[in-house]
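# Inside the fold
Here is how the chains run, residue by residue.
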Amino acid sequence: MNYLGVGFKYPSILTSIVAIVGGFGSGKTEVAVNLTRFLALSEKIPIAIADLDLVNPYFRSREAIAEMEGLGVRVIAPRGGNFYADLPILLPEIRGAIEKREGRLILDVGGDVQGSRALGTLSDAFVSDKYELLMVLNSRRPFTSDVADCLKTMSRIEITAQLKFTGIIANSHMIDETTPEILIEGYRLASSVAEILELPLVFLSAKREILEKMDLLQFKCPVLPLVRSMLKPWERGIASPAACRSSKDEQVRRMTKRTND
Amino acid sequence: MAKKLMKGNEAIGEAAICAGATNYFAYPITPQSEVAEYLSRRLPEVGGVFVQAESEVAVGYMLFGAASTGKRVFTTSSSPGISLMQEALSYMAGAHLPVVLVNIMRGGPGLGGILPAQSDYFQATKGGGHGDYHIIVLAPSSVQEAVDLMILAFDLADKYRTPVMLIGDGMIGQMMESVEFPEQYQTPPSPKEWALTGAVGRKPVVIKSLFLDPIALEKNSLELAKKYEIIKADEVRYELYKVNDKNKLLIFAYGTMARICQTAIDELEEEGIGVGLFRPISLFPFPQKEIYREVIKPNIKALLTVEMSVGQMIEDIERCIVGQKPLGFYGRTGGIVPSPDEVKAAVKKQLGLGK
């Protein structure tokens, strides 16, 4: 039995560079890590993830290094003592990887205007039509809770990043208190923003447990089920290596099944 | 009001506005800089003021001056910044000034690191500044509780004319959780009779901590001491988790450390090991009688204190339990957070189970 019902589409990414942008709390790191995991398990080309989060000191994609490397993903992030630094460390390898355009490179761009400034310093390395710049929207966060706020926040980011958005990701959530209603609310908000800006709604993402309770055909966009990686110290999840492996097996099984279908 | 998803630091900022506190003085420091970032956007919307000071030393005296006007004033910082404010904190306590401070603790001593810690317990509860004084110290374990306690902090500061500190490890500031704010935002309180509001039509008032006459200085210290006795009697706050008459062991932990212990307790319960948790919410006043009452229960064989420090709150626990039961300690420091597995192992060791 297909665990999520039939008829929905997984996201399809065609460019070599995918920059995921969003304010803190948008869930952009969780989305970036999950998209990387999805691509690593479904594609046979080199996958890399780079942490451009210069703003958030905790809960960054750097935390997911062990899991990502276990999946064969190249992780570009500061190591050693600098792993924990609240300093604006922008690794030179990131520019190199953007210019090379080999396989797929997912960029986890730090929250908000300040974070996207890091992207701005790299904007000349981006070649038009060869990248996606995706805005992650969570309708339950201040500054992206209605259409006007979303447009204002996105335009501020575009100015500092010196790049134009190419699509929207709907990722409304309240972590453990996410409900189907919140997903629908977020889907509507993201659809409206996408329509006004004439951008595609590239995908909707949400925890698998919530998606299982819903009819996914109501979403006219691809769907990315999420497995939480960014956990608090008292939460149990896939953070333990054993659980990572079993989750990987399960995903591989699902992917294989999907291709067979 | 609909629930929102907020980072602890943002929620603390919004809670202050909710309490009618619109005078904010601060200097940025990880892991609490988002409070200033949030309030720099939010305070102008409510006619408030955010002054970014040249240092935390300056913040301390901006608070002193602004609090003297009777308005609700506050600051937020992290460990090294709070250290720089200690002199002014002693002055404000001595001058009976209501002010709210937030310490989102990071690893120390010195510049330390930026990851979560609870190693400023001594500084907060025993007075990092000089003189016979205390401040009220409140320790939330969730973002919602940080909001509730932040609002309470302003009420307690006004009620007792004392500095109040909200103390959270870095996690409290950085983590995201859903929160709800009261429907009704408070309007800033009207001027108080002790406040400096211009002496038109009344006698001038003086706010100071300098008393060269020893009789006057002793009188001020005794007034403070009397105030602390009332606070100790009326303002103790704590929470019990899975405490019952079958548990063999009682854990003491506060802040997010208590939530890690809860996960450990839930999992130990499945293994048939009954453990309860005593979570002090007010660190000053410390729940001394309440802890003693739980500890002397006949089913309790052993005690364990768990902290993100090398052992600070444990000294208060020792004082409360007066040697009644064997007390163990487990702690990690420097920004390392004990895992539920480490807590489980420490519980088993303290109970003499397994290795």
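Bear in mind the structure is a predicted one, so any value in this text is a computation, not a measurement.

### So, the sheet that holds strand β7 (residues 163-169) of chain B
Paired through backbone hydrogen bonds, the strands of a sheet run either parallel or antiparallel to each other. Residue and element names in this part refer to chain B. Across the sheet, which stays open at both edges, the seven strands sit in the order β3-β2-β4-β5-β7-β6-β12 with mixed pairing between neighbours. Whereas interior strands pair on both sides, the edge strands pair on one side only; in this sheet they are β3 (49-52) and β12 (282-284). Between one strand axis and the next, the sheet turns through 20 degrees on average, direction left out of account. Taken together, the four bridges between strand β4 (residues 73-77) and strand β5 (residues 99-105) define a ladder with parallel strand orientation. Along β5, the bridge assignment pairs serine 77 with asparagine 103. The sheet strands contacting helix α2 (residues 33-42) are β2 (23-26), β3 and β4, and the helix crosses β2 at an angle near 140 degrees.

### Here's the deal with the interface of chain B and chain A
Interface size is often expressed as the accessible area that is lost when the parts come together. Across the contact, 31 residues belong to chain B and 25 residues belong to chain A. Carbon and sulfur atoms make up 60% of the area that chain B and chain A hide from each other, which totals about 2600 Å². In terms of surface lost to chain A, no three residues of chain B exceed Leu5, Arg41 and Ile114 of chain B, which account for 25% of the buried area on that side. Remark: the boundary between chain B and chain A carries two salt bridges. Residue lysine 3 of chain B is joined to glutamate 177 of chain A by a salt bridge in which the shortest nitrogen-to-oxygen separation is 2.8 Å. Where chain B touches chain A, the interface holds eight residue pairs in polar contact (both at pLDDT 80 or more).

### Quick notes on the sheet that holds strand β10 (residues 249-252) of chain B
Residues and elements named next belong to chain B. Spatial strand order, β9-β11-β10-β13-β14: five strands in an open sheet with mixed pairing. Whereas interior strands pair on both sides, the edge strands pair on one side only; in this sheet they are β9 (238-241) and β14 (327-331). Ignoring strand direction, the axes of neighbouring strands in this sheet form an average angle of 20 degrees. The sheet contact formed by β10 and strand β13 (residues 302-307) spans four bridges and is parallel. Within the sheet, the bridge partner assigned to phenylalanine 252 lies in β13 and is threonine 305. Packing against the sheet, helix α10 (residues 256-270) makes contact with β9, β10, β11 (275-280) and β13, and its axis sits at approximately 170 degrees to β11.

### Considerations on the pattern of salt bridges
Opposite charge on two side chains permits pairing when their charged atoms draw close. By the definition in use, this model includes 38 salt bridges over all chains. With a closest N to O distance of 3.9 Å, glutamate 212 of chain A and arginine 208 of chain A form a salt bridge. With relative accessibility at 43%, the residue glutamate 212 of chain A sits in the partly exposed group. Linked through salt bridges whose partners overlap, the residues forming this network are Glu267, Glu271, Asp341, Lys344 and Lys348 of chain B.

### A few points about the environment of leucine 137 of chain A
All names here are of chain A. If you trace the backbone, leucine 137 turns up in strand β5 (residues 131-137). Classification of leucine 137 as buried rests on a relative accessible area of 2%. A sequence separation of 17 residues divides leucine 137 from methionine 154, and the C-alpha atoms of the two residues are 9.8 Å apart. The contacts of leucine 137, once residues within four sequence positions are left out, are Thr144, Cys150, Ile168, Ile169, Ala170, Asn171, Ser172, Ala190 and Val193.

### Section: the domain arrangement of chain B
Residue and element names in this part refer to chain B. When the domains of chain B are assigned, the result is domain 1 (4-234) and domain 2 (238-350). Across the boundary between the two partners, domain 1 contributes 31 residues, which contact 22 residues of domain 2. Taken over both partners, the interface formed by domain 1 and domain 2 buries close to 2300 Å², and the fraction arising from carbon and sulfur atoms is 57%. For the domain 1 face of the interface with domain 2, the top three residues by lost area are Gln118, Tyr121 and Phe122, together amounting to 31%. The interface formed by domain 1 and domain 2 contains three salt bridges. With a shortest N-O distance of 2.6 Å, aspartate 316 and lysine 126 are connected by a salt bridge. Along the contact surface separating domain 1 from domain 2 lie 15 residue pairs in polar contact (both at pLDDT 80 or more). Elements with a minimum of two residues in the side of domain 1 that touches domain 2: α6 (121-126), β6 (136-138), α7 (143-160), β7, α8 (170-174) and α9 (214-234). At four residues, the largest contribution of residues to the side of domain 1 that touches domain 2 is made by α6.

Cut-offs used in this document
- Residues numbered from 1 in each chain as written.
- Chains lettered and ligands numbered in written order.
- Predicted model: local features only at pLDDT ≥ 70, side-chain atom pairs only at ≥ 80, totals over all residues.
- Heavy atoms only, no water.
- Pairing = 2+ DSSP bridges.
- Helix = DSSP H or I, 4+ residues; strand = E, 2+ residues; numbered from the N terminus.
- Axes fitted to C-alpha atoms, helices over the stretch in contact; angles between N-to-C directions.
- Contact = heavy atoms within 4.5 Å.
- Buried area = accessible area lost by both parts, 1.4 Å probe.
- Salt bridge = Lys/Arg side-chain N within 4 Å of Asp/Glu carboxyl O.
- Polar contact = N/O pair within 3.5 Å; in protein donor to acceptor, adjacent residues only side chain to side chain.
- Buried < 20%, exposed > 50% of the residue type's maximum accessible area, 1.4 Å probe, protein only.
- Domains from an automatic or database assignment.

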